[in-house]
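Remarks on the overall topology
Residue-level listing of the chains:
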Amino acid sequence: MGFRKDFLWGGATAANQCEGGYNEGGRGLANVDVSPVGKDRFAVIAGKMKMFDFDDEHFYPAKEAIDMYHHFREDIKLFAEMGFKTYRCSIAWSRIFPNGDETEPNEEGLKFYEELFKECHKYGIEPLVTITHFDCPMHLVTEYGAWRNRKLVGFYENLCNVIFRRYKGLVKYWLTFNEINMILHAPFMGAGLYFEEGEDEEKIKYQAAHHELVASAIATKIAHEVDPNNMVGCMLAAGQTYPYSCHPNDVWKGMNADRENYFFIDVQSRGQYPKYAIKEMERKGIMPVMEEGDLELLKNHTVDFISFSYYSSRCASADPEVNKLTEGNIFASLKNPYLDASEWGWQIDPLGLRITMNTLYDRYQKPLFIVENGLGAIDTPDENGYVKDDYRIDYLRAHIKAMRDAVVEDGVDLLGYTTWGPIDLVSAGTGEMKKRYGFIYVDRDNEGNGTLKRSKKKSFDWYKKVIASNGEDLE
Ligand code: BG6
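Cut-offs and rules
- Residues numbered from 1 in each chain as written.
- Predicted model: local features only at pLDDT ≥ 70, side-chain atom pairs only at ≥ 80, totals over all residues.
- Heavy atoms only, no water.
- Helix = DSSP H or I, 4+ residues; strand = E, 2+ residues; numbered from the N terminus.
- Buried < 20%, exposed > 50% of the residue type's maximum accessible area, 1.4 Å probe, protein only.
- Polar contact = N/O pair within 3.5 Å; in protein donor to acceptor, adjacent residues only side chain to side chain.
- Contact = heavy atoms within 4.5 Å.
- Pairing = 2+ DSSP bridges.
- Axes fitted to C-alpha atoms, helices over the stretch in contact; angles between N-to-C directions.
- Phe/Tyr/Trp six-rings, centres within 6.5 Å; stacked < 30°, edge-to-face > 60°.
- Lys NZ or Arg CZ within 6 Å of the ring centre and 35° of its normal.
- Core = buried A, V, L, I, M, F, W, Y, C linked by side-chain atoms within 4.5 Å.
- Right-handed = clockwise from strand over helix to strand, strands pointing away.
- Near = heavy atom within 4 Å.
- Areas by Shrake-Rupley, 256 points an atom, 1.4 Å probe, with all protein chains shown as cover.
- Nonpolar A, V, L, I, M, F, W, Y, C, P; charged D, E, K, R; others polar.
- UniProt positions renumbered as here; feature names shortened; annotations may be inferred.
- Salt bridge = Lys/Arg side-chain N within 4 Å of Asp/Glu carboxyl O.
- Expected span 1.5 Å × (residues − 1).
- Parallel < 35°, antiparallel > 145°, perpendicular 65-115°, else oblique.
- Left-handed = near helix turned anticlockwise from the far one by under 90°.

1. Thoughts on the side chain of Arg-392
Mapped onto the elements, Arg-392 comes out in helix α14 (residues 390-408). Residue Arg-392 is classed as buried on the basis of its relative accessible area, which comes to 0%. In terms of polar contacts, Arg-392 uses its side chain to reach the side chain of Asp-379, at 3.3 Å. From its side chain, Arg-392 meets the backbone oxygen of Tyr-437 in a polar contact 3.3 Å long. For Arg-392, the contacting residues outside a window of four places in its chain are Leu-375, Ala-377, Asp-379, Arg-436, Tyr-437, Gly-438, Lys-457 and Ser-459.

The structure is reproduced here in structure tokens:
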């Protein structure tokens, strides 16, 4: 016994990291466009440095990205050649509503995604669509303060009303917010939040989180009304937190670190604010303002499945002496001495995937969907332009084995697996191109030079075999 027969193998991307075409087809400017590559990026995506437009000093990689806006037919053809059953992509909100607050959508933007979804179906590929993957129209940032403002719920509702109707029959699987817990770690990237000096950041983050949670419930409601076949999922940046030692203080610390993330999914899947969160928010005086009917919406419109990204496990200690952090990671955590790390300092822990899957399944008892997993690495093409990325194959093989154990040995119900970045794209964390995840190499560098030519890496044929054997042949 292995994976289910209709297991959804594929790959995942996000509009802002691959599409480019930032000013084409009537598209408006978004927060993700004005986030530069390089040393200032982290301050910008954390909402600490005000960058609301382009300047001449910085390079903004999302403007052109890998130009999937013009290459999507070629790229989807390559995905089909690998045998993809699903392709996870996201809708750029500002393609559909350039400012975010219009009443009428932009037909050119709608048409673009219609063509893209039809192209997927041409090859029997089921689209899996993230409604917002870190993007928020800039007009909503500058005029409304983004998700801190309740009005965003209504604008997001308009977006959902339009896309669910327009893509009925073309899209069945939807995710409401990519890595909804990102709002706590990189709030400008996660939710368009920028903080003025002296503001209570935590209070604003949880108010904005409440708005997103209500918006997510409304999206789920509309999706089910428009088409009862629609399946809606939440999306968590997951990764179990291990206590650094068996000292009860470390265990307690680890449990609370996990709860910080589970909070979002507890609401989206169980339909109510968990008691531990209410207590904590009351203690800190950061309980969000709610409107009448919010709690009912949350209760009545919970998600159908739990999707998540997994790159690494995390570690927590109550001992101030244990303080060595992992590098290069928005979700920085204590270094686990038992694990190796990628070139960007992301720790590699395949068994952690099995542990995370079991925890999520035990907690929610709903089908899981792994919608991101992969290795960001520097690839060096040989004289023929070929990349022998055995390191990537090793990483994915080990994780797929662990995922198989969770399914076969532990009985976890898993709908599918989409690797992150099946084609090289711009890194969300650093804005670099050289942090590559793909089975397909794209000729483009950190400064935007290159022909954009696509070529297959060694892992391309390997993943093709994995899919053809439904995860049996991993060699
Ligand atoms: C997830 C995001 O956090 O990790 C993706 O959903 C992102 O958008 C991926 O690209 C990998 O992170 P990075 O920083 O290596 O691009």
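2. Re the sheet that holds strand β3 (residues 126-132)
Pairing in this closed barrel of eight strands is parallel, and the strands run β1-β2-β3-β4-β5-β7-β9-β10 around the ring. In this sheet, adjacent strand axes meet at a mean angle of 25 degrees when their direction is disregarded. Where strand β9 (residues 368-372) meets strand β10 (residues 414-420), two bridges bridge the pair, whose relative direction is parallel. Each bridged residue has a counterpart across the sheet, and for Ile-370 the counterpart in β10 is Tyr-417.

3. Here's the deal with the packing of aromatic side chains
Scanning all chains against the criterion turns up 34 aromatic pairs. Note on Phe-117 and Tyr-167: the rings are 4.9 Å apart at their centroids and 85 degrees apart in plane angle, and the pair reads as edge-to-face. Of this pair, Phe-117 sits in helix α5 (residues 107-122) while Tyr-167 sits in the loop between α7 (151-166) and β4 (173-177), and the two are 50 residues apart along the sequence. With a centroid separation of 5.7 Å and an interplanar angle of 65 degrees, the aromatic rings of Tyr-206 and Phe-263 are classed as edge-to-face. Of the two residues, Tyr-206 sits in helix α9 (residues 201-226) while Phe-263 sits in helix α10 (residues 248-270), which places them 57 residues apart along the sequence. Assigned by exposure class, Tyr-206 and Phe-263 land together as buried. Put simply, the rings of Phe-3, Phe-7, Trp-9, Phe-79, Phe-84, Tyr-87, Tyr-417, Phe-439, Trp-462 and Tyr-463 pair up and form one aromatic cluster. Residue placement shows Lys-63 over the ring face of Phe-54; its charged tip is 4.2 Å from the ring centre. Cation over ring: Arg-95 sits above Phe-112, and NZ or CZ is 5.4 Å from the ring centre.

4. Overview of the nonpolar core
By size, the foremost hydrophobic cluster in this structure holds 138 residues, and its most contacted members are Tyr-167, Met-357 and Met-403. In this structure, Val-32, Phe-134, Met-182 and Ala-237 belong to the second largest nonpolar core, which totals eleven residues.

5. Some remarks on the pairing of β10
Within β10, seven of the seven residues are buried, which leaves the element mostly enclosed by the surrounding structure. Sheet analysis places strand β1 (residues 8-12) next to β10, joined by five bridges and oriented parallel. Counted as the bridge partner of Trp-9 is Tyr-417 from β10. Crossover connection from β9 via α14 to parallel β10: handedness right-handed.

6. Quick word on the site of the ligand
Taken together, 14 residues are adjacent to the ligand, and Gln-17, Glu-179, Glu-372, Lys-435 and Tyr-437 come closest. A distance of 3.4 Å separates an oxygen atom of the ligand from a polar side-chain atom of Tyr-311. At 2.7 Å from an oxygen atom of the ligand is found a side-chain nitrogen or oxygen belonging to Glu-372. Protein chains bury 95% of the 380 Å² of accessible surface belonging to the ligand in isolation. Looking at the shell around the ligand residue by residue, the class counts come to six nonpolar, five polar and three charged.

7. Here we look at the UniProt feature "active site" (unreviewed entry) in the protein
Following the UniProt record, the feature "active site" (unreviewed entry) maps to Glu-372 here. Relative to the helices and strands, Glu-372 resides in strand β9. Each residue touching Glu-372, except ones within four places of it in the same chain, is listed here: Ala-12, Arg-88, His-133, Asn-178, Glu-179, Met-235, Phe-308, Ser-309, Tyr-310, Tyr-311, Thr-418 and Trp-420. A polar side-chain atom of Glu-372 sits 2.6 Å from a polar atom in the side chain of Tyr-311.

8. Some points on the pattern of salt bridges
This structure, assessed with the given rule, holds 40 salt bridges. For Lys-48, the salt bridge goes to Glu-201, with nearest N and O atoms at 3.0 Å. Of this pair, Lys-48 sits in the loop between α2 (41-45) and α3 (68-82) while Glu-201 sits in helix α9, placing them 153 residues apart in sequence. The shortest N-O distance in the salt bridge between Glu-280 and Lys-284 comes to 2.9 Å.

9. A few points about the pairing of β3
Side-chain direction in a regular strand flips from residue to residue, so the side chains alternate between the two faces of the sheet. Counting buried positions along β3 yields six of seven residues, so the element is predominantly enclosed. Bridge analysis of strand β2 (residues 86-90) against β3 gives five bridges, and the strand direction is parallel. Following the sheet pairing, Cys-89 is matched in β3 by Val-129. Pairing geometry for β3 and β4, over four bridges, is parallel. The partner of Val-129 across the bridge, within β4, is Trp-174.

10. Topic: α7
The α-helix advances 3.6 residues per turn, and as a result positions three or four apart in sequence lie on the same side. Under the 1.5 Å per step criterion, the end-to-end length of α7 is 23 Å for 16 residues, consistent within 8% with the ideal 22 Å. Among the residues making up α7, those that are buried are Leu-152, Val-153, Phe-155, Tyr-156, Leu-159, Cys-160, Val-162, Ile-163 and Phe-164. In this structure, the buried side of α7 is in contact with α4 (93-96), α5, β3, α6 (138-144), β4 and α9.

11. Considering the packing of α7 against α9
At a minimum axis separation of 9 Å, α7 and α9 run at an interaxial angle of 25 degrees. When the axis of α7 is compared with that of α9, the two are roughly parallel. Considering only the axes of α7 and α9, their crossing is right-handed. In this structure, α7 contributes Val-153, Tyr-156, Glu-157, Cys-160, Asn-161, Phe-164 and Arg-165 to the contact, and α9 contributes His-211, Val-214, Ala-215, Ile-218, Ala-219, Ile-222, Ala-223 and Val-226. Here the residues of the contact of α7 with α9 are counted per class, giving eleven nonpolar, two polar and two charged.

12. Observations regarding the environment of Trp-174
In this fold, Trp-174 is placed in strand β4. A relative accessible area of 0% places Trp-174 in the buried class. Separated by 87 residues in the primary sequence, Trp-174 and Asn-261 place their C-alpha atoms 21 Å from one another. What Trp-174 contacts, discounting residues up to four positions off in sequence, is Ile-91, Val-129, Ile-131, Ile-163, Phe-164, Tyr-167, Asn-230, Met-231, Val-232, Gly-233 and Phe-305. In this structure the side chain of Trp-174 is engaged in a polar contact, spanning 3.3 Å, whose partner is the side chain of Asn-230.

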